[in-house]
Every structure is written in C-alpha cells, then in structure tokens.
Amino acid sequence: MNKNKKSIVIAISVLIAVCIPFGIFLYKSAGQKDGIKIGISADATEYIQAYKNIDAYAEHVKEMSMIVYEAVDYTAESPSSNSQPDFTDTNVRTEGVSEPDAVKTDGEYIYMTDSEGTRLSIYKVKDGEIKSMCNNQILEKDYSFKDLYISGDMLIVLGNINRTSETFIKFYDVSDKENPKLEKTLLQDGFYSSSRVIGSKLYTFSYKTIDLDNYSKSNIGSYVPSVDGEVIHPEDLIIYEDTIGSYLVVTSVDTDEQTFESKKAVMGGSTLPYVSENAIYTQINRWKETDDTILIKIELGQGNLAFKCDGTFKGNLLNDYSIDEYNGYVRFVTTYQNDGGELRNSLYVLDENLEKVSVIKELAPNETVKSARFMGDIAYFVTYKVVEQFYDPLFAADLSDPKNPKITDYVELPGFSGYLHPYRENKLLGIGYNTDEATGMMLNVKFTMFDTTDPFNIKEECTCNFRECQMAGVLSDRKSFMYNPKDGTFGFGTFITEPYIAPDEEYEYTGPVLSENAAPLEKLYSYMVFDYDEELGFMLRLNANLGKNARAYDVYKSRGIVIGNYLYIANPHKGLSSYDTTTYELVD
C-alpha cells in the first residue's frame, strides 16, 4: 500500500474503545446542518485529513492564481487540438457490464428524451412502423437529463439538479406506456459523470468539487460529500495526500429495492473510472508533482463497495479503454514524461493486488496514446507523434505471458485512430482523423481496416479519407457508435462540409463508395450508416439528414438502433424515423 495512503481502515476501533466507556456513540446524530445529516464529529481522523487536503489544495490554487504567465505563440509548431441479439444495444466498454445512454430499447419499445432533456418519449415499434405512446414532461425545473436504463417495466433516469449540484436517480414504472409513474428519487452529491449496471446493482459516479471559498472545519458538509442527505462516514472516505480538491463519489443501488446499499468518496479520483465485472479502478489526481500516479481498486462485492488495494505507475491513463482486467491481471497503457521531460509510453501488467508483474517502457518517443483496445491476450493501442511528422503507429502486444509481454508489430499511417472496434473475425476497425503531415492539423475523418489475423504481422487492409466529413460522434462519445454484427454495418452522427483543397490541388472525392441509397453529400448534420467490403472498401449506405435546424449536439446525441430488419434513427431534434436495412428506404 502506498506510503502516502491515509488508510481507509483508520483506527475506528480505537475511537470506539475511547468513546463507548464514556457512553458516547460513534454515530449519534449531531443534528442537521444545511439540510444534510451529520452523523459524526469533525474530529474523526479521515475528516481531519480531508480538511487538511482541501486546505493545502486551496492554498496551492491561490498561489497559482498569482503567477503571471507570458504568452507564447505556438501556431507555427503545434498541431490542432481537437451471440447476436435481435436488436443492437448501447456500445459498451466491458462485456457483461451494462451502460446507460440517451436512447434505450427493449426490442419492442424505444425510450428517449428530447433535445431539452426534460420530456420522455416512448415509441412502440414493429417492422419499421412507429407508434407514439408517450411524450410527457417528466423532469422538474432545473433538472437536466443525462442517461437512462430500461429493465422490464422499470425505467431508470439519471442526471443533474443544476441548482444544488447534485446527481439524481429516478425510478419510473412504465408498465402503462402512456403514463409513466415516478416511484422514487435518490440523490448524491456532485455532478453526474457515468454509471454501470451489473445484474440488479446500479453503480453511479458523480464528481463533487469543493468550494474553496466556502468551507470550514466545523461544517463537515462543506468539505465532505453526502449521499441521500447524509454526510459520507469517515470509513467510506479514500484519501491520499496532495490530491486536488474534488471527489469521485461512488454509490451502489439495489434496483429492486430502489435504495442505496453502499457508498465511497475518493478524493482526487478520476471522473471516468474503468469498471470490470469485479471491480472499479480509478487513478488519483494530485496537484503536487510526483514520480508516480496512484491507481486504486474498489471491489464491487455484489453491491458492497470495498477498498481492496492500490498500486502506482508512471504517467496517466487516456480513458477506460486504456485499462483492462483479464484472468486475474490488470493491463494498461500510459503516457508519461521521462527524466528529460520527453514524452514516452508504457505497457503495464499488474496482479490482482496491483503489484507490478511486468512493464515495457520507453515506447513511441514524443508520442501520446490516442486509443486502445484489449482483446483477450492481445492489446492494440495507437500513439500519435506531436512533433515533426504526424503519424499514428498501431501497436500490437502479446500478453499471453503476463510476466513477459512483447510488442509483436506496429503499422504506421498518417493521422491517428481515436477509436478502435473489433470488426467481424480477425479485423480491427479504426476511426479517427487524417492530419496534415507538416502541421498536424486535423483535416477530416478517416477509416482504416486492419487485418489482425496474425498479430505478429498486422496489415493495413484499407484506409479511406472521408474528406467531406469533419466530425464523427463516436470520436467524442463511444455510446453513439452503432454496430450490427449480423451484417457488419456501423453508424454514427456526422457533420458534412466542403473539404479543404490546397491551392495547387484538384478536388477528387476519396470518401466511402456511395451506394444508390445514400443521399448526395451536401453541407448538413446527418446520421450515416457504413458497410465494409474487402474488394470495394468502405461504403456509405445511408445519409439521413438530421434537420435544417439541427445542431452539433444532435450529432453527438443521435442514435441508431437495429431491430430485426429495420434501422431506427433516434434524433433528439426530430424524434424517431425508420429505414429498411435492405434498401435503406424511409419506412416511417
């Protein structure tokens, strides 16, 4: 365990031993303050450490705000930032771990909210026909919708209460599709980040930022989060020294009973943790520079959250695709700075106690990890150069021997892949951006199909630069990606505009093969469906306009769902439309 760790199993027994002889109960109510129940003294060891951390962080923020930085012109040297079911479900990170989305289906009904996120629409769908069952205002003023789940006749809606900076979890009985009935509302501190469902357990993550101008040692609720109106107890805090002044709040809910079962608050925890079927992994963000980053493991235990252990590594994780749990090992790729301040990348393998088993360092000099995908014993990850030439090597690593991982191959292409997805057998689809080789400026969306039959010899089977496409929803939100394993089609929201043409260049269309069903490419926000053929390459099957008043928001929030032989496009701006997946003609 890290020496900086302030043990979450602090000497509670000592406190009890001291308190009980004097007739003082550890959790005797101290009354309410600001509507929050406070069940323990501010003298608890964890509360003292939490207050000290917030105090140190507040002082750090104050000092940093007084530093005056000189402007530097980087424009000349830096790149631009920027079993088969009967229906397709939300694109998830981990098999067996359900994720929420703005649109959900049970194969018979489709549930979604409007672009304002306050009205619930329920549609009955069959063979392409659509019947509106409900279009009701379900959220109160100042509530904003983010995600939902559907399970039988229970709908779970998650989002934020903006005024109080809280996350809400609402349970609706939708057995009567025309009149959804609210059954229960649960609240936890912090803005909603994400959630997962495993069996009947809902795990919700929110991010609580402490107001550094308004906290005091006597008011525990000003520097410790609360769940269901009660300040989190000290044994449920996970605190390390020198962390930023925010918490990752983690709760488990029994969806049958609609009650909180367990809770944890991780000071400095990442906003996007990785969730396996067994545990939650999150890195700790600290404001003080250190040699290593802390990774912690919280076991799920059928809804009973329990801190398991921690470990360290150099650098930072890009996202939850950069880390994976498999056969008792935790594998991940990171980007870090070496002793000379240069960017490098590493591949780590840790055991179930987060002890180092092996590591490959000094990978891809002056590059950063842009995407990753772990597939059994093979890890694929893309890095991207940030100086000189701008290419994206796709690396493959053999992890079959955790004690001796090996980089087996890499393929180098212009631009980079920001998302990797397994495609049929022995293929890997990369979606990303083509870039200017001289400046690194992102030019357009590109598709690459890799042949991974032999991980020791990866082949670039096909690359397509879709110069007219400037935006792909999947590159900002993986849940917007639709993949139909039955026929290999995939889709997401896009933005089409006039491509950049160099002064000495003639325009030539280089995008996907246009099928006869695809509408002409014109400047618009649309939902597109693609296919892939080994001889023809990438093909555009459908180009569905999202509406003349559509916004970028609609690109990211539009969803495609295949039920039987029909594709349903859910558009928060226009509602629901259906297409025959044989002809891609509009049905309803």
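In this text the structure is predicted, and so the values were computed from the model without any measurement.

Q: Just checking my understanding: could you explain the overall build of the protein for this structure?
A: Scanning the protein from N- to C-terminus turns up three helices and 43 strands. Put simply, the protein has 588 residues, and 56% of those count as buried. For the protein, the exposed surface amounts to about 26,500 Å²; the carbon and sulfur share of it is 45%.

Q: Before we go on, may I ask you to explain the packing of aromatic side chains in this structure?
A: Geometry of an aromatic ring pair is reported as the spacing of the ring centres plus the angle between the planes. Overall, the coordinates contain 25 aromatic pairs when judged by the stated rule. Ring geometry for Tyr 274 versus Tyr 281: centroids 5.9 Å apart, planes at 25°, classification stacked. An identical accessibility class is assigned to Tyr 274 and Tyr 281; each is buried. A connected cluster of aromatic rings, assembled from ring pairs, spans Tyr 321, Tyr 419, Tyr 423, Phe 447, Phe 466, Phe 481, Tyr 483, Phe 490, Phe 492, Phe 530, Tyr 532 and Phe 538. In this structure, Lys 170 is placed above the aromatic ring of Phe 168, and the distance from its NZ or CZ to the ring centre is 5.9 Å.

Q: For this particular structure, what's the right way to read the sheet that holds strand 43 (residues 575-580)?
A: Hydrogen bonds between backbone atoms are what pair the strands of a sheet, whose relative direction is either parallel or antiparallel. Read across the open sheet, the three strands follow the order 41-42-43; overall the sheet is antiparallel. At either end of the open sheet lies a strand with only one pairing partner, and these are strand 41 (559-563) and strand 43. Mean inter-strand twist for the sheet, computed between neighbouring axes without regard to direction, equals 25°. Pairing of strand 41 with strand 42 (residues 566-571), which is carried by five bridges, proceeds in the antiparallel orientation. The residue bridging Gly 560 from the neighbouring strand is Ile 569, located in strand 42.

Q: Even after reading the chapter, I still don't get the environment of Met 449, so can you show me in this structure?
A: Among the structural elements, Met 449 can be located in strand 33 (residues 442-451). Taking the C-alpha atoms as reference, Met 449 lies 5.2 Å from Cys 462; in sequence the two are 13 residues apart. In this structure, Met 449 is in contact with Tyr 423, Lys 427, Leu 428, Leu 429, Lys 459, Glu 460, Glu 461, Cys 462, Tyr 532 and Phe 538, ignoring residues within four places of it in sequence.

Q: What am I meant to see in unusual backbone geometry here?
A: Excluding glycine, most residues fall at negative phi; most peptide bonds, likewise, are trans. Although it is not a glycine, Asn 327 sits at a positive phi angle of roughly 50°. Positive phi outside glycine occurs at Glu 362, with the angle close to 60°. On the secondary structure map, Glu 362 appears in strand 26 (residues 356-363). Assessed through its relative accessible area of 43%, Glu 362 is described here as partly exposed.

Q: Sorry, what's going on with the pattern of salt bridges here?
A: Summed over the entire model, instances satisfying the criterion amount to 24 salt bridges. The partner of Arg 541 in a salt bridge is Asp 531, and the shortest N-O contact between them spans 3.5 Å. Here the residue Arg 541 occupies a position in strand 40 (residues 537-545), and Asp 531 occupies one in strand 39 (residues 524-533), the gap between them amounting to ten residues. The class for Arg 541 is partly exposed, based on a relative accessible area of 24%. The shortest N-O distance in the salt bridge between Asp 554 and Arg 551 comes to 3.8 Å. Sharing partners across several salt bridges, the network here consists of Glu 99, Arg 196, Asp 320 and Arg 478.

Q: Just to check I follow, could you spell out the pairing of strand 26 for this structure?
A: On any regular strand, side chains alternate: one points to one face of the sheet, the next to the other face. Pairing analysis gives five bridges linking strand 25 (residues 343-350) to strand 26, with the strands arranged antiparallel. Within strand 26, the residue paired with Val 349 across the bridge is Ser 358. Once strand 25 ends, the chain turns through five residues before running back antiparallel as strand 26, passing Leu 354 with a positive phi of about 60°.

Q: Any chance you could explain the environment of Asn 484 here in plain terms?
A: Tracing the sequence through the fold places Asn 484 in strand 36 (residues 482-484). Sequence-wise, Asn 484 and Val 562 are 78 residues apart; in three dimensions their C-alpha atoms are separated by 7.2 Å. Among residues more than four places away in sequence, those in contact with Asn 484 are Thr 88, Thr 489 and Val 562. Only 3.3 Å separates the side chain of Asn 484 from the side chain of Asp 487, close enough to count as a polar contact.

Q: I tried to follow the side chain of Arg 286 on my own but got confused; where do I start?
A: Here Arg 286 shows up in the loop between strand 20 (279-283) and strand 21 (293-299). The buried charged residue Arg 286 lacks any salt bridge partner; its closest oppositely charged side chain belongs to Asp 242, at an N-O distance of 5.7 Å. A polar atom in the side chain of Arg 286 sits 3.3 Å from the side chain of Thr 290. Reaching out from Arg 286, the side chain makes a polar contact with the backbone oxygen of Asp 292 at a distance of 2.8 Å.

Q: Could you clarify how one ought to interpret helix 2 (residues 45-65) in this entry?
A: A turn of α-helix holds 3.6 residues, and therefore any two residues three or four places apart point the same way. For helix 2, built from 21 residues, the straight-helix expectation of 30 Å at 1.5 Å per residue is met to within 8% by its first-to-last C-alpha distance of 30 Å. Looking only at helix 2, the buried set comprises Glu 46, Tyr 47, Gln 49, Ala 50, Tyr 51, Asn 53, Ile 54, Tyr 57, Ala 58 and His 60.

Q: So what exactly am I meant to see when it comes to the confidence of the model for the protein here?
A: Low pLDDT marks stretches whose predicted atomic positions should not be read closely. Overall, the predicted model of the protein reaches an average pLDDT of 85, with 87% of residues at or above 70. This model gives residues 69-84 a pLDDT under 50, and the stretch forms 14 contacts once residues within four places in sequence are excluded.

Q: In this structure, what is going on with the nonpolar core? I would like to understand it.
A: By size, the foremost hydrophobic cluster in this structure holds 40 residues, and its most contacted members are Ile 431, Phe 447, Phe 481, Phe 490, Phe 492 and Phe 538. Per element, the largest residue contribution to this core is five residues, and it comes from strand 33. With near-sequence residues (within four places) excluded, Phe 538 lies in contact with Leu 429, Phe 447, Thr 448, Met 449, Cys 462, Cys 464, Phe 490, Pro 512, Val 513, Asp 531 and Tyr 532. Core analysis: the second largest hydrophobic core is formed by 33 residues, Leu 202, Ile 220, Val 224 and Val 231 among them.

Q: Explain the sheet that holds strand 25 here, please?
A: The strand order across the open sheet formed by four strands is 23-24-25-26, and the pairing between neighbours is antiparallel. Pairing within the sheet leaves two strands with one partner each, and these edge strands are strand 23 (323-326) and strand 26. Averaged over all neighbouring strand pairs, the angle between strand axes comes to 15°, with direction disregarded.

About the cut-offs
- Residues numbered from 1 in each chain as written.
- Predicted model: local features only at pLDDT ≥ 70, side-chain atom pairs only at ≥ 80, totals over all residues.
- Heavy atoms only, no water.
- Helix = DSSP H or I, 4+ residues; strand = E, 2+ residues; numbered from the N terminus.
- Buried < 20%, exposed > 50% of the residue type's maximum accessible area, 1.4 Å probe, protein only.
- Areas by Shrake-Rupley, 256 points an atom, 1.4 Å probe, with all protein chains shown as cover.
- Phe/Tyr/Trp six-rings, centres within 6.5 Å; stacked < 30°, edge-to-face > 60°.
- Lys NZ or Arg CZ within 6 Å of the ring centre and 35° of its normal.
- Pairing = 2+ DSSP bridges.
- Axes fitted to C-alpha atoms, helices over the stretch in contact; angles between N-to-C directions.
- Contact = heavy atoms within 4.5 Å.
- Salt bridge = Lys/Arg side-chain N within 4 Å of Asp/Glu carboxyl O.
- Polar contact = N/O pair within 3.5 Å; in protein donor to acceptor, adjacent residues only side chain to side chain.
- Lys, Arg positive; Asp, Glu negative; His and termini not counted.
- Expected span 1.5 Å × (residues − 1).
- pLDDT = per-residue confidence, 0-100.
- Core = buried A, V, L, I, M, F, W, Y, C linked by side-chain atoms within 4.5 Å.

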